[in-house]
Amino acid sequence: MIRTESLSVHYGETTAIREVSLQVPEGHVTAIVGPSGCGKSSFLLTLNRMIDLIPGATTTGRILIGGQDIYKPGLDTVQLRRRVGGIAQKPNPFPLSIRKNIHLVLKAQQNRTRAELDEITETALQDVGLWDEVKDRLDRPALQLSGGQQQRLCIARALALKPSYLLMDEPCSALDPIASAKVEGLIEDLRRRYTIVIVTHNLAQARRLADDVAVFWVQDGSGQMIEFGTSEKVFSTPDNPTSAAYLSGIQG
Ligand SMILES: Nc1ncnc2c1ncn2[C@@H]1O[C@H](COP(=O)(O)OP(=O)(O)OP(=O)(O)O)[C@@H](O)[C@H]1O
């Protein structure tokens, strides 16, 4: 389970998100929705401490993942990021071959034979439904793949590290509708095997994919969570009038 307790993110003097407390149960897909600038990406960046890499960014509050406080002093952030994988908005394969994209992330951490690396690569590519499309061109540049294939390769690269949690920041927004539907279908396949937090502007997608939905909104100058519940509850009978208007497409 991922659990945030009164989590705030500050960029210098500005508070981007204020006191967000939510729980993501094991095996669930939780969608974070809300208008631009309400702190969705900032929230996601805290969950594998990628926010540490942004100059001037600080966090307060607590985050527990699998019961462990991920901000406790001395925590190994490399290990954390293996366990909590991130998928970016724009596909970002390394400018290397398809095979090397996966070998590289594995090699960085442990000694494996080439045969073992190839086996993990095949499994990861099969997991994202890409194996049949690329098995005859594994040594060709990853950048020659279509956008949707590149995004699935990036998901395969994350899966090769055997994470338990996946963070996805608008993983379909840079893709055309067909590629987007494929990636969405893939997320559907990954659910239950992984605990997923996905940021999306696509409310229909949130409704289709998510078990739980959190609505973020800027209030008093900072992003806050104004609604949280099961997808069914949030989309049918939201408690907060602002999120009700947003979810019905009237506002935002
Ligand atoms: N590196 C940064 N330095 C300073 N302010 C930042 C930085 N990154 C984000 N912010 C500010 O923090 C607030 C939240 O931004 P964030 O990107 O988390 O929102 P978002 O909901 O993900 O937006 P979008 O949907 O447009 O991606 C915004 O006011 C933004 O300008």
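Calculation rules
- Residues numbered from 1 in each chain as written.
- Predicted model: local features only at pLDDT ≥ 70, side-chain atom pairs only at ≥ 80, totals over all residues.
- Near = placed C-beta within 6 Å.
- Nonpolar A, V, L, I, M, F, W, Y, C, P; charged D, E, K, R; others polar.
- Helix = DSSP H or I, 4+ residues; strand = E, 2+ residues; numbered from the N terminus.
- Contact = placed C-beta atoms within 7 Å.
- Axes fitted to C-alpha atoms, helices over the stretch in contact; angles between N-to-C directions.
- Parallel < 35°, antiparallel > 145°, perpendicular 65-115°, else oblique.
- Left-handed = near helix turned anticlockwise from the far one by under 90°.
- Core = buried A, V, L, I, M, F, W, Y, C linked by C-beta atoms within 7 Å.
- Buried ≥ 20, exposed ≤ 12 C-beta atoms within 10 Å, placed from the backbone.
- Pairing = 2+ DSSP bridges.
- Right-handed = clockwise from strand over helix to strand, strands pointing away.

Asker: Honestly, the site of the ligand in this entry has me stumped. Any pointers?
Answerer: If you check the shell around the ligand, you find Tyr 11, Ala 16, Gly 34, Ser 36, Gly 37, Cys 38, Gly 39, Lys 40, Ser 41, Ser 42, Ile 54 and Gly 223 and nothing else. Residue composition of the shell around the ligand, by class: four nonpolar, seven polar and one charged.

Asker: Hey, could you run me through the environment of Ser 97 in this one?
Answerer: With respect to the helices, strands and loops of the structure, Ser 97 is situated in the loop between β6 (84–87) and α3 (98–107). Excluding residues that lie within four positions of it along the chain, Ser 97 makes contacts with Leu 138, Asp 139, Arg 140, Pro 141 and Ala 142.

Asker: Explain the packing of α3 against helix α6 (residues 147–159) to me, please; I cannot follow it from the model alone.
Answerer: For any two helices packed against each other, the geometry comes down to the angle between their axes and how far apart the axes lie. With their axes 9 Å apart at the nearest point, α3 and α6 run at an angle of 25 degrees to one another. With respect to α6, the element α3 is oriented roughly parallel. Every pair of crossing elements has a handedness; the one defined by α3 and α6 is right-handed. On α6, the residues touching Ile 98, Asn 101, Ile 102 and Val 105 of α3 are Leu 153, Ala 156 and Arg 157. Residues of the contact of α3 with α6, tallied by class, amount to five nonpolar, one polar and one charged.

Asker: Would you explain the nonpolar core in this entry?
Answerer: Generally speaking, nonpolar side chains in soluble globular proteins are found buried as a group. Counting residues in hydrophobic clusters, the biggest one holds 60 residues, and the most contacted among them are Ala 31, Ala 156, Leu 167, Val 197, Ile 198 and Val 215. Here the element with the most residues in this core is α6; it accounts for six residues. Aside from chain neighbours lying at most four places away, what touches Val 215 is Val 33, Gly 34, Ile 226, Glu 227, Val 234, Ser 243 and Tyr 246.

Asker: Whenever I open this one, the pairing of strand β8 (residues 195–199) confuses me. Can you help?
Answerer: In the case of a regular strand, side chains alternate between the two sheet surfaces. By the criterion of burial, β8 is predominantly enclosed, with five of the five residues buried. Here β8 shows a buried face lined by Thr 195, Val 197 and Val 199 and a second buried face lined by Ile 196 and Ile 198. One ladder, built from four bridges, connects strand β3 (residues 29–33) with β8; its direction is parallel. The partner of Ile 32 across the bridge, within β8, is Val 199. Bridge count between strand β7 (residues 165–169) and β8: five bridges; the pairing is parallel. Residue pairing for β8: Leu 166 is matched across the bridge by Ile 196. Handedness of the crossover joining β7 and β8 through helix α7 (residues 177–190): right-handed.

Asker: Explain the packing of α6 against α7 to me, please; I cannot follow it from the model alone.
Answerer: Two numbers describe how α6 lies on α7: the axes approach to 9 Å, and their chain directions differ by 20 degrees. In terms of orientation, α6 lies roughly parallel with respect to α7. Where α6 crosses over α7, the two elements pack in a sense that is right-handed. Taking contact as the criterion, the partners of Gly 147, Gly 148, Gln 151, Arg 152 and Ile 155 in α6 are, on α7, Ala 179, Lys 182, Val 183 and Leu 186. By residue class, the composition of the contact of α6 with α7 is four nonpolar, three polar and two charged.

Asker: Which parts of the structure should I look at to understand the pairing of strand β1 (residues 2–11)?
Answerer: Two elements, β1 and strand β2 (residues 14–24), share seven bridges in a ladder whose sense is antiparallel. Bridged to Arg 3 within β2 is Gln 23. What sits between the antiparallel neighbours β1 and β2 is a turn of two residues, in which Gly 12 has the positive phi angle 60 degrees. Bridge analysis of β1 against strand β4 (residues 57–65) gives eight bridges, and the strand direction is antiparallel. Along β4, the bridge assignment pairs Ile 2 with Ile 65.

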